Amino acid sequence: MSTCMLPFIQALLRAPAEVGAVLPSSRHLAHAMAQVAAASDRGGSLLEIGAGSGALTRALVARFGRERLQVVECSPPLASVLRQRFPQLTVLEQRAEQVLTHAMQCADQMLVVSSLPFKSLPLRQARRVAKAYQDLVMRGGSVVQFSYGRLPPFPLSSGVPLRWQAQCRVWRNLPPATVWQLCRV
């Protein structure tokens, strides 16, 4: 068993709705997410939310370097693994909505790369984070998010000039995933 699997399983057993997957993301999904993020990058802050065991973190470090990247993971076992694997990175052991509240000050250049499992999060939390992502994009930031299946990660609020744009489908992930970008219309 890899050094990342035990903390992943511990986090899954402790809070399955927060993990939202039965396996960590594949390197193929991580590479696709980093590629879509690079295409929408404008040089501002880079925030990875829901870092899990670090597959996407590794791809983001390879693509962007360590200087701009901050990592958010609310699971203590997984945050600990991330700190061990990436000692030069800032790993915030907080809920996404807490970090996003403070991040809105620099939203116009911010790039959020998210692996949050919106379909399994508690509804109230999912709504708060979804609203924060929409606010961030309305202020000029960017959000890249994946979801399993072909449906967007979450429905958009009515009246906002935003849309989900599917960027690619990653078949070499269990389950297969779609990488989305939240865009202004």
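This text goes with the structure placed above it.
These figures come from a predicted structure and were not determined experimentally.

Engineer: When you look at the sheet that holds strand β3 (residues 90–92) in this model, what are you seeing that I'm missing?
Structural biologist: Hydrogen bonds between backbone groups are what pair the strands of a sheet, and the pairing can be parallel or antiparallel. Ordered by their spatial adjacency, seven strands build an open sheet running β3-β2-β1-β4-β5-β7-β6, and the pairing between neighbours is mixed. What marks the edges here is a single partner per strand, and that holds for β3 and β6 (162–170). Going from strand to strand, the sheet's axes swing by 20° on average, the running direction of each strand aside. Relative to strand β5 (residues 142–148), strand β4 (residues 111–114) runs parallel, the two sharing four bridges. The residue of β5 that forms the bridge with Val 112 is Val 143.

Engineer: What is the right way to look at the layout of surface pockets in this model?
Structural biologist: Where empty space is left becomes clear once a probe the size of a water molecule has been rolled over the atoms. Within this model, the second largest pocket holds a volume of roughly 190 Å³. In this structure, the second largest pocket is lined by Phe 118, Leu 121, Leu 123, Ala 126, Arg 127, Ala 130, Lys 131, Gln 134, Phe 154, Pro 155, Leu 156 and Ser 157. When its residues are assigned to classes, the lining of the second largest pocket shows eight nonpolar, two polar and two charged.

Engineer: Where do I start with the nonpolar core in this structure?
Structural biologist: If you look at soluble globular proteins, the nonpolar side chains tend to sit buried side by side. Membership of the largest hydrophobic core comes to 29 residues, with the highest contact counts inside it found for Met 33, Val 113 and Val 179. Within the residue set of this core, elements represented by two or more residues are α3 (27–39), α4 (55–64), β2 (69–72), α5 (76–85), β4, β5 and β7 (177–184). The dominant element in this core, judged by the number of residues it contributes, is α3, at seven residues. When sequence neighbours within four positions are dropped, the list of residues in contact with Val 113 reads Met 33, Ala 37, Leu 46, Leu 47, Glu 48, Ile 49, Leu 56, Leu 60 and Val 144. In this structure, Leu 47, Val 112, Phe 154 and Trp 180 belong to the second largest nonpolar core, which totals 27 residues.

Rules and cut-offs
- Residues numbered from 1 in each chain as written.
- Predicted model: local features only at pLDDT ≥ 70, side-chain atom pairs only at ≥ 80, totals over all residues.
- Heavy atoms only, no water.
- Pairing = 2+ DSSP bridges.
- Helix = DSSP H or I, 4+ residues; strand = E, 2+ residues; numbered from the N terminus.
- Axes fitted to C-alpha atoms, helices over the stretch in contact; angles between N-to-C directions.
- 1 Å grid on protein atoms, 1.4 Å probe; cavity = no way out; pocket = protein on both sides within 12 Å on 5 of 7 lines; lining within 4 Å.
- Points joined across faces, edges and corners; volume = space filled by probe spheres on them.
- Nonpolar A, V, L, I, M, F, W, Y, C, P; charged D, E, K, R; others polar.
- Core = buried A, V, L, I, M, F, W, Y, C linked by side-chain atoms within 4.5 Å.
- Buried < 20%, exposed > 50% of the residue type's maximum accessible area, 1.4 Å probe, protein only.
- Contact = heavy atoms within 4.5 Å.

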